[in-house]
Amino acid sequence: MDISMSLLIEIEDRFGTLLTPEQFLQHSSIEALAKLLTQSLVNSPMPPIRLIQEGDGKYPLFVSHSVSGITFYATKLAQYLPPSQTVYALNWQPPEEDI
């Protein structure tokens, strides 16, 4: 697998944002890519609960976000668990504004 495709997959795993190859090429510097990812995360927040690994559902494991608010480590953790283990990540959600 080509390194750019590996990077796109890693970005999706870590940030929950799927970038197209065109976006990746248009934002080829680290700074431009960081701005794109930041804008993407602000404009489309991650769902409160994200399925990381679909198992048999018997005893699902829920992992919470780290201090950064990102649950990228949950994907790595799931690699060490049996395939029958269902894993969900609880993503950070911004507080709702007062109405």
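Here, the structure is the one placed above.
As the structure is a prediction and not an experimental result, all values here were calculated from the model.

J.: I would appreciate a short explanation of the overall build of the protein chain in the present structure.
T.: When helices and strands are counted, the protein chain shows 4 helices and 3 strands. In the protein chain, the succession of helices and strands from N to C terminus is α-α-α-β-β-α-β. Burial status across the protein chain gives 23% buried among its 99 residues. Long-range contacts, defined as pairs at least 24 residues apart, comprise 63% of the intrachain contacts of the protein chain with a sequence gap of at least 6. For the protein chain, the exposed area adds up to about 7,200 Å²; of that, 61% sits on carbon and sulfur atoms.

J.: Looking at this model, I keep getting lost on the nonpolar core. Mind explaining?
T.: The nonpolar side chains of soluble globular proteins are, as a tendency, buried together. Residues Leu8, Ile11, Leu19, Phe24, Leu33, Leu36 and Leu37 constitute the largest nonpolar core, which totals 7 residues. Put simply, the parts of the chain that give this core at least two residues each are helix H1 (3-15) and helix H3 (30-43). Sort the elements by how many residues they give to this core and H3 lands first, with 3 residues. Once residues within four sequence positions are removed from consideration, isoleucine 11 is found in contact with Gly16, Thr17, Leu19, Leu33 and Leu37.

J.: Can you walk me through the sheet that holds strand S3 (residues 87-90) in this structure?
T.: Adjacent strands of a sheet pair through backbone hydrogen bonds, lying either parallel or antiparallel. Read across the sheet, 3 strands follow the order S1-S3-S2 without closing on themselves; strand pairing throughout is mixed. What marks the edges here is a single partner per strand, and that holds for strand S1 (49-53) and strand S2 (61-64). Strand-to-strand twist in this sheet, taken as the mean axis angle between neighbours without regard to direction, amounts to 30°. Where S1 meets S3, 4 bridges bridge the pair, whose relative direction is antiparallel. Looking across to S3, one finds that leucine 51 is bridged to tyrosine 88.

J.: Please explain the pattern of salt bridges as it appears in this structure.
T.: Following the criterion strictly, the structure yields 1 salt bridge and no others. For glutamate 31, the salt bridge is made with lysine 35, and the minimal N-O distance between the two is 3.5 Å. Placement of the pair is glutamate 31 and lysine 35 together in helix H3, with a separation of 4 residues, close to one helical turn. Per residue, the accessibility class of glutamate 31 equals that of lysine 35, and both read exposed.

Conventions we followed
All chains use their own residue numbering, which begins from 1 and follows the written sequence. Local features in this predicted model are restricted to residues whose pLDDT is 70 or higher, and side-chain atom pairs enter the listing and the counts only when it is 80 or higher, whereas totals over whole chains, interfaces and linings include all residues. In computing side-chain values, all of the structure's heavy atoms are included and hydrogens and water are not. Numbering of helices and strands runs from the N terminus, with a helix taken as a DSSP run of H or I at least four residues long and a strand as a DSSP run of E at least two residues long. Burial classification: accessible surface area is computed with a 1.4 Å probe over protein chains only, and a residue below 20% of its type maximum counts as buried, one above 50% as exposed, and the rest as partly exposed. What makes two residues a contact is simply this: any of their non-hydrogen atoms within 4.5 Å. In these tables, accessible area is a Shrake-Rupley quantity obtained with a 1.4 Å probe, and a residue counts as shielded only by the protein chains included in the view. For the purposes of this section, nonpolar cores are sets of buried Ala, Val, Leu, Ile, Met, Phe, Trp, Tyr and Cys residues that join through side-chain atoms within 4.5 Å. Paired strands, in this sense, are two strands between which DSSP finds at least two bridges. To get an axis, a line is fitted to the C-alpha atoms, and for a helix only the part in contact is used. The angle between two axes follows their N-to-C directions and goes from 0 to 180 degrees. A pairing counts as a salt bridge when a side-chain nitrogen of Lys or Arg comes within 4 Å of a carboxyl oxygen of Asp or Glu.

Everything listed here is a matter of coordinates, which is why it stays silent on function.
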